[in-house]
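Letter by letter, the chains look like this.
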Amino acid sequence: QVQLVESGGGLVQAGGSLRLSCAASGGTFTTYNMGWFRQAPGKGREFVAAANWSGGKTSYADSVKGRFTISRDNAKSTVALQMNSLKPEDTAVYYCAAEASAIRIGGRPMDYEYWGQGTQVTVSS
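Let us look at the structure shown here. (Residues numbered from 1 in each chain as written. Predicted model: local features only at pLDDT ≥ 70, side-chain atom pairs only at ≥ 80, totals over all residues. Heavy atoms only, no water.)

### Regarding the packing of aromatic side chains
Inference 1: Evaluation of the coordinates by the stated rule reveals 6 aromatic pairs.
Inference 2: The structure contains a cluster of three or more aromatic residues connected by ring pairs, namely Phe37, Phe47, Tyr95, Tyr112 and Trp115.
Inference 3: Its guanidinium or amino end placed over the ring of tryptophan 115, arginine 45 lies 4.8 Å from that ring's centre, counting from NZ or CZ.
Inference 4: The ring of phenylalanine 29 has arginine 72 lying over it, and the distance from NZ or CZ to the ring centre is 4.3 Å. (Phe/Tyr/Trp six-rings, centres within 6.5 Å; stacked < 30°, edge-to-face > 60°. Lys NZ or Arg CZ within 6 Å of the ring centre and 35° of its normal.)

### Observations concerning the nonpolar core
As a rule of thumb, soluble globular proteins bury nonpolar side chains together.
Inference 1: Judged by nonpolar contacts, the single largest core of 36 residues is most densely connected at Leu4, Met34, Trp36, Leu81, Met83 and Tyr94.
Inference 2: For this core, the secondary-structure elements that each account for two or more residues are strand 3 (18–25), strand 4 (32–39), strand 5 (46–51), strand 7 (68–73), strand 8 (78–83), strand 9 (92–100) and strand 11 (119–124).
Inference 3: For tyrosine 94, the contacting residues outside a window of four places in its chain are Glu6, Leu20, Trp36, Phe37, Arg38, Val48, Phe68, Leu81, Met83, Gly118, Thr119 and Val121. (Core = buried A, V, L, I, M, F, W, Y, C linked by side-chain atoms within 4.5 Å. Buried < 20%, exposed > 50% of the residue type's maximum accessible area, 1.4 Å probe, protein only. Helix = DSSP H or I, 4+ residues; strand = E, 2+ residues; numbered from the N terminus. Contact = heavy atoms within 4.5 Å.)

### A look at the pairing of strand 9
Inference 1: Most of strand 9 is tucked away: 7 of the 9 residues are buried.
Inference 2: Taken together, the 8 bridges between strand 4 and strand 9 define a ladder with antiparallel strand orientation. Bridging from a neighbouring strand, phenylalanine 37 pairs with tyrosine 95 of strand 9.
Inference 3: Examined bridge by bridge, strand 9 and strand 11 share 3 bridges and lie antiparallel to one another. Bridging from a neighbouring strand, alanine 92 pairs with valine 121 of strand 11.
Inference 4: Relative to strand 10 (residues 114–115), strand 9 is paired through 2 bridges, and the arrangement is antiparallel. (Pairing = 2+ DSSP bridges.)

### Examining unusual backbone geometry
Inference 1: Phi at serine 77 takes a positive value of approximately 55 degrees, unusual for a residue other than glycine.
Inference 2: With respect to the element layout, serine 77 can be found in the loop between strand 7 and strand 8.
Inference 3: With a phi angle near 50 degrees, serine 85 is a residue other than glycine that sits in the positive phi range.
Inference 4: Residue position: serine 85 is located in the loop between strand 8 and strand 9.

### Regarding the side chain of glutamate 6
Inference 1: Tracing the sequence through the fold places glutamate 6 in strand 1 (residues 3–7).
Inference 2: Although glutamate 6 is buried, it makes no salt bridge; arginine 45 carries the closest opposite charge, 7.6 Å away.
Inference 3: At 2.8 Å, the side chain of glutamate 6 forms a polar contact with the backbone nitrogen of cysteine 96.
Inference 4: A polar side-chain atom of glutamate 6 sits 3.0 Å from the main-chain amide nitrogen of glutamine 117.
Inference 5: Aside from chain neighbours lying at most four places away, what touches glutamate 6 is Ser21, Cys22, Trp36, Tyr94, Tyr95, Cys96, Gly116, Gln117, Gly118 and Thr119. (Lys, Arg positive; Asp, Glu negative; His and termini not counted. Salt bridge = Lys/Arg side-chain N within 4 Å of Asp/Glu carboxyl O. Polar contact = N/O pair within 3.5 Å; in protein donor to acceptor, adjacent residues only side chain to side chain.)

### What to know about the environment of glycine 55
Inference 1: Tracing the backbone shows glycine 55 in the loop between strand 5 and strand 6 (58–60).
Inference 2: Along the primary structure glycine 55 and valine 79 are separated by 24 residues, whereas in three dimensions their C-alpha atoms are 9.3 Å apart.

Okay, here's the thing in structure tokens:
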């Protein structure tokens, strides 16, 4: 059983930056791909970014490419999401998730077995 705890959310003006962090415990971190998803009010949960077990392969949603960067520190069992040039449409609850390592990095919520509780990101215009 893997436990995931996110931190780093908050309120920021458009064009600003935030860094989200997710700490994992209770499992072997390097056996999981790690992903970030988000859910805005009234919308479904959508894929943001993911990294494979080593961090050597990453995947991003088109809407965040060039603005967000995912990274992981396997020694500390953490994964981070650096978010730059934030837009009001980035406002959502952001979730960290773990996927049992597979050949492909999953891009759907159903691919991920474990989830954090979420952290709110609000971008004001």
